[in-house]
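Descriptive structure summary
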Amino acid sequence: MISEEHLYAIALRECSHIGDIHFHKLVRTFGSAQEAWKRARNEYKKLEGIGQKTVSDIGNKSHLKFAEEELNFCEKNNIRIRLKHLKETPFLLNECNDAPAILYQKGSMDDTQPRVSIVGTRNMTSYGKQFIQDFFEATQSSGYTSVSGLALGIDKEVHEQSIRHQKPTVAVLAHGFQHLYPAKNRKLSEKILQEGGALITEFSSGRKPDRENFIQRNRIVAGLSPATIVVETGFGGGSVSTAAFANDYNRDVFALPGKITDPCSQGCNQLIFHNKATAISTIKDLINILGFNDPKEKMEELFPHHEITIQLTDNQYLIYQSIKDYPQISLDDLSQKIDLSTHKILPIILELELLGKVKSFSGRQFIAI
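Given the structure is predicted, the values throughout are model-derived calculations rather than measurements. (Residues numbered from 1 in each chain as written. Predicted model: local features only at pLDDT ≥ 70, side-chain atom pairs only at ≥ 80, totals over all residues. Heavy atoms only, no water.)

Examining the overall build of the protein chain
- Within the protein chain, the secondary structure is distributed over 16 helices and 12 strands.
- Counting only C-alpha atoms, the protein chain reaches 80 × 45 × 35 Å along its principal axes.
- For the protein chain, buried positions account for 49% of its 369 residues.
- Long-range pairs, those at least 24 residues apart, make up 68% of the contacts in the protein chain with a sequence separation of at least 6.
- Taking the average location of the 44 positive side-chain charges in the protein chain and that of its 44 negative ones, the two points are 6 Å from each other. (Helix = DSSP H or I, 4+ residues; strand = E, 2+ residues; numbered from the N terminus. Buried < 20%, exposed > 50% of the residue type's maximum accessible area, 1.4 Å probe, protein only. Contact = heavy atoms within 4.5 Å. Lys, Arg positive; Asp, Glu negative; His and termini not counted. Charge placed at Lys NZ, Arg CZ, Asp CG, Glu CD.)

Side note on the sheet that holds strand β4 (residues 145–148)
- With respect to topology, nine strands assemble into an open sheet ordered β1-β2-β6-β5-β4-β3-β7-β8-β9, the strand pairing being mixed. This sheet does not close on itself; its edge strands, each paired only once, are β1 (80–83) and β9 (278–279).
- Of the strand pairs in this sheet, strand β2 (residues 102–107) and strand β6 (residues 198–201) are connected by four bridges, and their pairing is antiparallel. Its bridge partner being in β6, K106 is matched across the sheet by L199. (Pairing = 2+ DSSP bridges.)

Quick word on the pattern of salt bridges
- Under the defined criterion, the tally for this structure stands at 12 salt bridges.
- Across the salt bridge formed by R219 and D20, the nearest N and O atoms sit 3.0 Å from each other. Here the residue R219 occupies a position in helix α10 (residues 211–223), and D20 occupies one in helix α2 (residues 20–30), the gap between them amounting to 199 residues.
- Overall, D20 belongs to the buried group, its relative accessible area being 10%.
- Across the salt bridge formed by E195 and K191, the nearest N and O atoms sit 3.5 Å from each other.
- The exposure class of E195 is partly exposed, given its relative accessible area of 42%.
- In the salt-bridge network here, residues are joined through shared partners; they are R13, D20, D98, E202 and R219. (Salt bridge = Lys/Arg side-chain N within 4 Å of Asp/Glu carboxyl O.)

Thoughts on the side chain of N218
- Locating N218 in the fold gives a position in helix α10.
- Residue class for N218 comes out buried when judged on its relative accessible area of 7%.
- A polar side-chain atom of N218 sits 2.9 Å from a polar atom in the side chain of R217.
- In terms of polar contacts, N218 uses its side chain to reach the backbone carbonyl oxygen of G238, at 3.1 Å.
- Aside from chain neighbours lying at most four places away, what touches N218 is G238, S241, T242 and F245. (Polar contact = N/O pair within 3.5 Å; in protein donor to acceptor, adjacent residues only side chain to side chain.)

Remarks on the packing of helix α1 (residues 4–14) against helix α5 (residues 61–76)
- The N-to-C vectors of α1 and α5 enclose an angle of 125°; their axes lie 8 Å apart at closest approach. Classified by the angle between their axes, α1 and α5 sit oblique to one another. Where α1 crosses over α5, the two elements pack in a sense that is right-handed. Contacts between α1 and α5 involve H6, L7, Y8, I10, A11 and E14 on the former and, on the latter, H63, L64, F66, A67, E68, E70 and L71. (Axes fitted to C-alpha atoms, helices over the stretch in contact; angles between N-to-C directions. Parallel < 35°, antiparallel > 145°, perpendicular 65-115°, else oblique. Left-handed = near helix turned anticlockwise from the far one by under 90°.)

Some thoughts on the sheet that holds strand β10 (residues 329–330)
- Pairing in this open sheet of three strands is antiparallel, and the strands run β10-β12-β11 from one edge to the other. Of all the strands in the sheet, the pair left with one neighbour each is β10 and β11 (358–361).
- Sheet topology note: the β11/strand β12 (residues 365–368) ladder contains four bridges and is antiparallel. In the sheet register, S360 faces β12, and the bridge partner there is F366.
- Here helix α14 (residues 314–325) sits on the sheet in contact with β10, β11 and β12, set at roughly 95° to β12.

Things to note about helix α12 (residues 266–273)
- When α12 is considered as a whole, its buried residues turn out to be G267, C268, N269 and L271.
- The inward-facing, buried residues of α12 abut β7 (227–230), α11 (238–248) and β8 (252–255).
- Positioned one or two residues after α12, N275 has a phi angle of 60°, which is positive.

Points about the pairing of β8
- Relative to β8, β7 is paired through four bridges, and the arrangement is parallel. Its bridge partner being in β8, T228 is matched across the sheet by V253.
- As paired elements, β8 and β9 share two bridges and run parallel to each other. Note on β9: the bridge partner recorded for F254 is T278.

Focus on the environment of L352
- Secondary-structure assignment places L352 in helix α16 (residues 342–354).
- According to the relative accessible area criterion, L352 is buried, its value standing at 0%.
- Put simply, L352 and V231 are 121 residues apart on the chain and 28 Å apart in space, counted from C-alpha to C-alpha.
- Apart from residues lying up to four places away in sequence, L352 is in contact with L312, Q316, I319, Y320, K357 and V358.

Written as structure tokens, this is what we have:
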């Protein structure tokens, strides 16, 4: 339901020098956008870190007129206006200190369902496409909503696979609802809405898809989900910024590793190298970490292989069996049990990890797989 508070929130956010952080400070100080609109210019000294210049544009009647026109546009086009300070925006996004003060939404978004953000380059390769298809196939029986940016390439594939596998999907736009970029995805955007998904944006209806909007948009993609998957991206690609936002928000980030000579994988490889993302080795492991614990019985590995019987050396078998008998045993305890020095055990544990037989945890503890 649209109220006067929505009107004043739009007008306030339209003022020069009032971004999301200043908006939140104004609302916290005066109790509402309406009160901030009426009082901030005269009572700005109550605002820590905000001077007279910042509030000088508040109260401008042209912004109030703009807000009225925006409300009319939203009502005519079935666009919901969600205000952060009224706790109308998604919970996870609200945790972000730079979350948008206002979200415009077309379609439906179930805030109680798990979400995962999946992003990547516009120049998708067959490798990235296959990963996305395998991921959605493997999670067919899991309930979640995908989030991406409606760009060409990876984003488009994510939305299309979501629809194909009857998963709700949310597209975060870098412009207002009077525009649709890229125009090639217009039919896809309509299909997203038809299949129970949503289009959302922080930009008012007339805002064009300016270059700077895309980085700003990426923080919403990262903020909506507890985990972000970067499928393919080059050095400095937009998806790297999405991963950076997700890291800032203390969210999980996963990246699909690729050849070091492949430009579309270099960004992912860098994220992994700098410990900004966890490398995806198998879809099965990824699904388990995401908490999608009801995958199809026949789970395909990301890198398919034939089962090979591994013949362990005597020391490898001794250490493996000891870890298997005593799950999460520490290195020191293991050393005492098998009467072998720690500096001799560690290289063998590394060999067992590479063979996929053992997994290590912080505090030098180990379990058998």
